[in-house]
Amino acid sequence: MAPRPGLGRRRGTTAPAPAAPGARGTAPHDTRQVDGTPGETALRQAGSDRLEQACNWVRGRHPEVGVTGDLLGGFPAPVLGGAAREARMIVLGSRHLSRTAEFFSAGSLVVPVTAQARCPVVVVGDAEHISQQPPYVVAGIDGSASATAALAFAFDEADLRGAALRVVCVWQPPLFMLDDEEVALRAQRTLLSEATVGLSEKYPDVHVRHEVLTGHPVEELARAAEHALSVVVGRRGSGGYTGMRIGSVVHGLLHRAHCPVITVPTG
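Scope of this entry: the structure provided in the associated data block. Only a predicted model underlies this, so the values are computations on that prediction, with no experimental measurement involved.

## Observations concerning the overall build of the protein
Part 1 of the reasoning: Per the secondary structure count, the protein includes 9 helices and 9 strands.
Part 2 of the reasoning: Entry remark: accessible area of the protein is about 14,200 Å², with carbon and sulfur atoms responsible for 54%.

## Thoughts on the pattern of salt bridges
Part 1 of the reasoning: By the definition in use, this model includes 6 salt bridges.
Part 2 of the reasoning: Ionic pairing is found between Arg-189 and Glu-182, a salt bridge with its closest N-O pair at 2.4 Å.
Part 3 of the reasoning: Relative accessible area serves as the criterion here: at 37%, Arg-189 is assigned to the partly exposed category.
Part 4 of the reasoning: Among the ionic pairs, Arg-256 bridges to Glu-219, the shortest N-O distance being 3.0 Å. Placement of the pair is Arg-256 in helix 9 (residues 248-256) and Glu-219 in helix 8 (residues 217-224), with a sequence separation of 37 residues.
Part 5 of the reasoning: The exposure class assigned to Glu-219 is partly exposed, which follows from its relative accessible area of 32%.
Part 6 of the reasoning: Taken together, the shared-partner salt bridges connect Arg-166, Arg-209 and Glu-211 into one network.

## What to know about the side chain of Glu-211
Part 1 of the reasoning: Assignment of secondary structure puts Glu-211 in strand 7 (residues 208-214).
Part 2 of the reasoning: At 3.3 Å, the side chain of Glu-211 and the side chain of Arg-209 are in polar contact.
Part 3 of the reasoning: Dropping the residues within four chain positions of it, Glu-211 is found in contact with Arg-166, Val-167, Val-168, Cys-169 and Leu-192.

## Things to note about the sheet that holds strand 7
Part 1 of the reasoning: If you walk across this open sheet you meet the 7 strands as 3-4-9-8-5-6-7, and the pairing is mixed. The sheet is open, and its two borders are formed by strand 3 (90-93) and strand 7, each paired with just one other strand. The mean inter-strand angle of the sheet, taken between neighbouring strand axes irrespective of direction, is 20°.
Part 2 of the reasoning: Bridge count between strand 5 (residues 136-140) and strand 6 (residues 164-171): 5 bridges; the pairing is parallel. Looking at the pairing, Gly-140 lines up with Val-168 of strand 6.
Part 3 of the reasoning: The sheet strands contacting helix 6 (residues 145-161) are strand 5, strand 6, strand 7, strand 8 (230-234) and strand 9 (261-264), and the helix crosses strand 8 at an angle near 155°.

## Comments concerning the pairing of strand 9
Part 1 of the reasoning: Here strand 9 shows a buried face lined by Val-261 and Thr-263 and a second buried face lined by Ile-262 and Val-264.
Part 2 of the reasoning: In terms of strand pairing, strand 4 (residues 121-124) meets strand 9 through 3 bridges, oriented antiparallel. Across the sheet, residue Val-121 finds its bridge partner in strand 9, namely Thr-263.
Part 3 of the reasoning: The pairing of strand 8 with strand 9 spans 4 bridges and is classified as parallel. Bridging across to strand 9, Val-233 finds its partner in Thr-263.

## Focus on the packing of aromatic side chains
Part 1 of the reasoning: The final tally for this structure, using the stated rule, is 1 aromatic pair.
Part 2 of the reasoning: Here Arg-166 stacks its cationic end above the ring of Tyr-136, 4.8 Å away from the centre of that ring.

## Section: the environment of Gln-188
Part 1 of the reasoning: Here Gln-188 shows up in helix 7 (residues 181-202).
Part 2 of the reasoning: By relative accessible area, Gln-188 is classed as buried at 17%.
Part 3 of the reasoning: The residues touching Gln-188, leaving out its near neighbours within four places in the chain, are Cys-169, Trp-171 and Val-212.

## Here's the deal with the nonpolar core
Part 1 of the reasoning: If you look at the biggest cluster of nonpolar residues, it comprises 32 residues, and the most contacted ones within it are Ile-90, Val-138, Val-168, Leu-221, Val-231, Leu-253 and Leu-254.
Part 2 of the reasoning: Sequence-distant contacts of Leu-253, that is, excluding residues within four places in its chain, are made with Val-218, Leu-221, Ala-222, Val-233 and Val-261.
Part 3 of the reasoning: In this structure, Val-122, Phe-153, Phe-155 and Leu-192 belong to the second largest nonpolar core, which totals 24 residues.

## Topic: the pairing of strand 4
Part 1 of the reasoning: Sheet analysis places strand 3 next to strand 4, joined by 4 bridges and oriented parallel. Bridging from a neighbouring strand, Gly-93 pairs with Val-124 of strand 4.

Cut-off values and rules
Residues numbered from 1 in each chain as written. Predicted model: local features only at pLDDT ≥ 70, side-chain atom pairs only at ≥ 80, totals over all residues. Heavy atoms only, no water. Helix = DSSP H or I, 4+ residues; strand = E, 2+ residues; numbered from the N terminus. Areas by Shrake-Rupley, 256 points an atom, 1.4 Å probe, with all protein chains shown as cover. Salt bridge = Lys/Arg side-chain N within 4 Å of Asp/Glu carboxyl O. Buried < 20%, exposed > 50% of the residue type's maximum accessible area, 1.4 Å probe, protein only. Polar contact = N/O pair within 3.5 Å; in protein donor to acceptor, adjacent residues only side chain to side chain. Contact = heavy atoms within 4.5 Å. Pairing = 2+ DSSP bridges. Axes fitted to C-alpha atoms, helices over the stretch in contact; angles between N-to-C directions. Phe/Tyr/Trp six-rings, centres within 6.5 Å; stacked < 30°, edge-to-face > 60°. Lys NZ or Arg CZ within 6 Å of the ring centre and 35° of its normal. Core = buried A, V, L, I, M, F, W, Y, C linked by side-chain atoms within 4.5 Å.

This is the structure:
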């Protein structure tokens, strides 16, 4: 069975496209007129044209989806986060910046929007390149509350797209083993079974495969999702950087994974 349209069909909301700082909107649904330099006027016009092209692109491919566009002024990340405060989902493209380039880029959106959004965020880095059948979605879990929310989202996404679901738990061996390795792996397998039992009953058409992998979580999840429709993870993991609302695994996947990365907040 061919996969059904997924991310775009589920939601009826669209996120606005941020303009350069200081620009005001001239998009179809924002008719505010302000004075500005010729350069600012050209920027506004270019942004309006690009936005209209994007809306027409969606209308041509998905006429059943309602599309609106707004060209807003300000710094992209906070503007987009504020505009999508009531959204059900935010979808972003990724330029696969290095962490250093991302830090120094004023227009960087992926990490700050992912960290601040109250809704699921989808980051699309590369064109879909599925080469395995049946198509599948990967869900990475670690026993945290956000992983539970991500797993529920992944089941829904797999069901919507007619895809299988690979639920993955990655065990990273500690420097010093206090327990037998098999005991640790058995605990991970138990975690997978307990996490999926109720959802498997709710989504009987979703074929579920449990996988316990050993290694670095980012590398193993990225490898498991190499040909996936998407990889779904909770926004807050058991690790992470001080002051950030995303865990280190999420941060790593945003740079490493080539399929869409969907991060889901708790609740």
